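Each chain, written out:
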Amino acid sequence: MGETHRVVYWIQRLSEFALIGWLSLLLLIDLAIAASNDEWAAWLNALCGVVGVLAVLWRRTRRIGGFAVLLVMSFVLTLVIETLGGRGGPGLAETGSLLILTIGGLRWIEPIRRAALFSAASMIVLETAAGRLPQSSMALGTGFLVFVGWSFAAAVGAYLRFQLERRKEAVSSVRRAERLELARELHDLVAHHITGIVVQAQAAKIVAEQKPEAVVPSLEAIASAGADALTSMRRLVSVLRAEDEAARTPGSRLADMRIMVERFSAGGPRVAFDIGQGITDETLAPEVMTTLHRVLQESLTNVRRHAPGTGWVEADLRLFADSGGQDGPDRRASNGRQTPRNPPGRAMGTVRLRVRNYGSAADVRVSRLGGGFGLVGMAERVEALGGRLVAGPTPEGAWEVLAEFAV
């Protein structure tokens, strides 16, 4: 997979070099035409071509500004040439730059109506420049060729925009589905914590009738359970209310992860799953356990879907304790939220899940797409807890998914 990404990267770089080289060649032709003729208007075409090449070079950082400058300059030069009685059609570099910017504008400019306006403006400017030719038949033929070129560029840009909008909608659907799943499961999390509080309160009531001095520890346990419930619900509800964060499903346990690994091994490559010391169902919060479960599930699914030739899979779950211990100060997650002290019995440190698959050859057709939406969902889940997720090749030739966050 890493090799495929490098190939795609260099193909994109070479395509950029080829595009600039093609425009530079057209600009040289414009300069040659201007040098071989006595027509001063040809030099204006060459000047507009230079601005067009610069606008294409800067189209990623100044997309709208460069496009607008080239449109205005091309139209103004057409008016100047017409007013002063000059001759000559639009320059080659000028035309090529406008067509390329039309493709990029239709694909990237937001909102889409603004992209359509820029596209229509480029057609008007090109047709106006073609109309300054001295002979009507020549102007008509040039205008037709320009319209054909613009139509092709607009079709390409519209198709790329369609694909981009499809991907955005697919990502939004994934996020909506994650939030809906959280909304369905939030009841289970609340019921779990509240049930525990109610049971402890009933026990404290019975104990108070027989041993009043034993009520204080029960009250402390109830307060701790309430704080635990509020912390978990605050995290989950904040994800539900966020625009760009995915949801997480509470309730997974280490046994569920082991069962999932065993089922995967039965029908696919063998998985070596190792859980480090200090990790139990009680040491990690429910939302953390669920996130680990979903990352492991999606990683194994990607192995089966995108790397069918995998020889074996290695997965390990580790907990790295902080030197400050459980009574350390409050921390802030990477997303800016303050994380309160962990309740008694919970681990304090960094949990890391690493999944590696060896001896696989990625499907180039799948890798070229830049990854599926499952990776988007995994990253959203981990980042919502203030962690990070990294996926990529390792020096040993494996493909690795690494998720870690503070707990």
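Residues numbered from 1 in each chain as written. Predicted model: local features only at pLDDT ≥ 70, side-chain atom pairs only at ≥ 80, totals over all residues. Heavy atoms only, no water.

Draft legend 1. Summary view of the packing of helix α4 (residues 92-108) against helix α5 (residues 112-130). Look at α4 against α5: their axes get within 9 Å of each other, and the N-to-C directions meet at 165°. By the angle class used here, α4 and α5 are roughly antiparallel. For α4 against α5, the interelement crossing comes out left-handed. Residues T95, L98, L99, T102, G105 and L106 of α4 pack against A115, A116, S119, S122, V125 and L126 of α5. A class-by-class count of the residues in the contact of α4 with α5 yields 7 nonpolar, 5 polar and no charged. (Axes fitted to C-alpha atoms, helices over the stretch in contact; angles between N-to-C directions. Helix = DSSP H or I, 4+ residues; strand = E, 2+ residues; numbered from the N terminus. Parallel < 35°, antiparallel > 145°, perpendicular 65-115°, else oblique. Left-handed = near helix turned anticlockwise from the far one by under 90°. Contact = heavy atoms within 4.5 Å. Nonpolar A, V, L, I, M, F, W, Y, C, P; charged D, E, K, R; others polar.)

Draft legend 2. Looking closely at a nonpolar patch on the surface. A surface patch of nonpolar side chains, about 620 Å² in accessible area, is lined by L25, L28, I29, L31, I33, W43 and L92. With 5 residues, the single largest contributor to the nonpolar patch is helix α1 (residues 2-36). By secondary structure assignment, the location of L28 is in helix α1. (Patch = residues over 30% accessible without salt bridge, like charges linked within 9 Å, V, L, I, M, F, W, Y side chains within 5 Å. Areas by Shrake-Rupley, 256 points an atom, 1.4 Å probe, with all protein chains shown as cover. Salt bridge = Lys/Arg side-chain N within 4 Å of Asp/Glu carboxyl O.)

Draft legend 3. Region of the structure containing the sheet that holds strand β2 (residues 312-321). The strand order across the open sheet built from 5 strands is β1-β2-β5-β7-β6, with neighbouring strands paired in mixed fashion. Bordering the open sheet on either side are β1 (270-275) and β6 (388-393), each of which pairs with just one other strand. Here the average twist between neighbouring strands, direction ignored, is 10°. Two elements, β2 and strand β5 (residues 349-358), share 10 bridges in a ladder whose sense is antiparallel. Across the sheet, L319 pairs through a bridge with V351, a residue of β5. Packing against the sheet, helix α9 (residues 286-306) makes contact with β1, β2, β5, β6 and β7 (399-406), and its axis sits at approximately 10° to β5. (Pairing = 2+ DSSP bridges.)

Draft legend 4. Layout of the nonpolar core. Of all hydrophobic cores here, the largest spans 33 residues; its most connected members are F273, V288, L292, V295, L296, L317 and V351. Of all elements in the fold, only α8 (254-267), β1, α9, β2, β5, α11 (373-384) and β7 reach the threshold of two or more residues within this core. Per-element accounting of this core gives the leading share, 7 residues, to α9. In this structure, L23, C48, V51 and L101 belong to the second largest nonpolar core, which totals 32 residues. (Core = buried A, V, L, I, M, F, W, Y, C linked by side-chain atoms within 4.5 Å. Buried < 20%, exposed > 50% of the residue type's maximum accessible area, 1.4 Å probe, protein only.)

Draft legend 5. Region of the structure containing the pairing of β7. With 6 of 8 residues buried, β7 lies mostly within the body of the structure. Note that β6 and β7 share 6 bridges and pair antiparallel. What sits directly across from R388, in β7, is E404. In textbook terms, the turn of a hairpin is the stretch between consecutive antiparallel strands, and for β6 and β7 this stretch comprises 5 residues, one of which, G397, has a positive phi near 95°.

Draft legend 6. Geometry of helix α2 (residues 41-57). For α2, spanning 17 residues, the distance from its first C-alpha to its last is 25 Å, which sits close to the expected 24 Å at 1.5 Å a residue. Counting buried positions over the 17 residues of α2 gives 12, a clear majority of the element. Listing the buried residues of α2 in full gives A41, A42, L44, N45, A46, C48, G49, V51, G52, V53, A55 and V56. (Expected span 1.5 Å × (residues − 1).)

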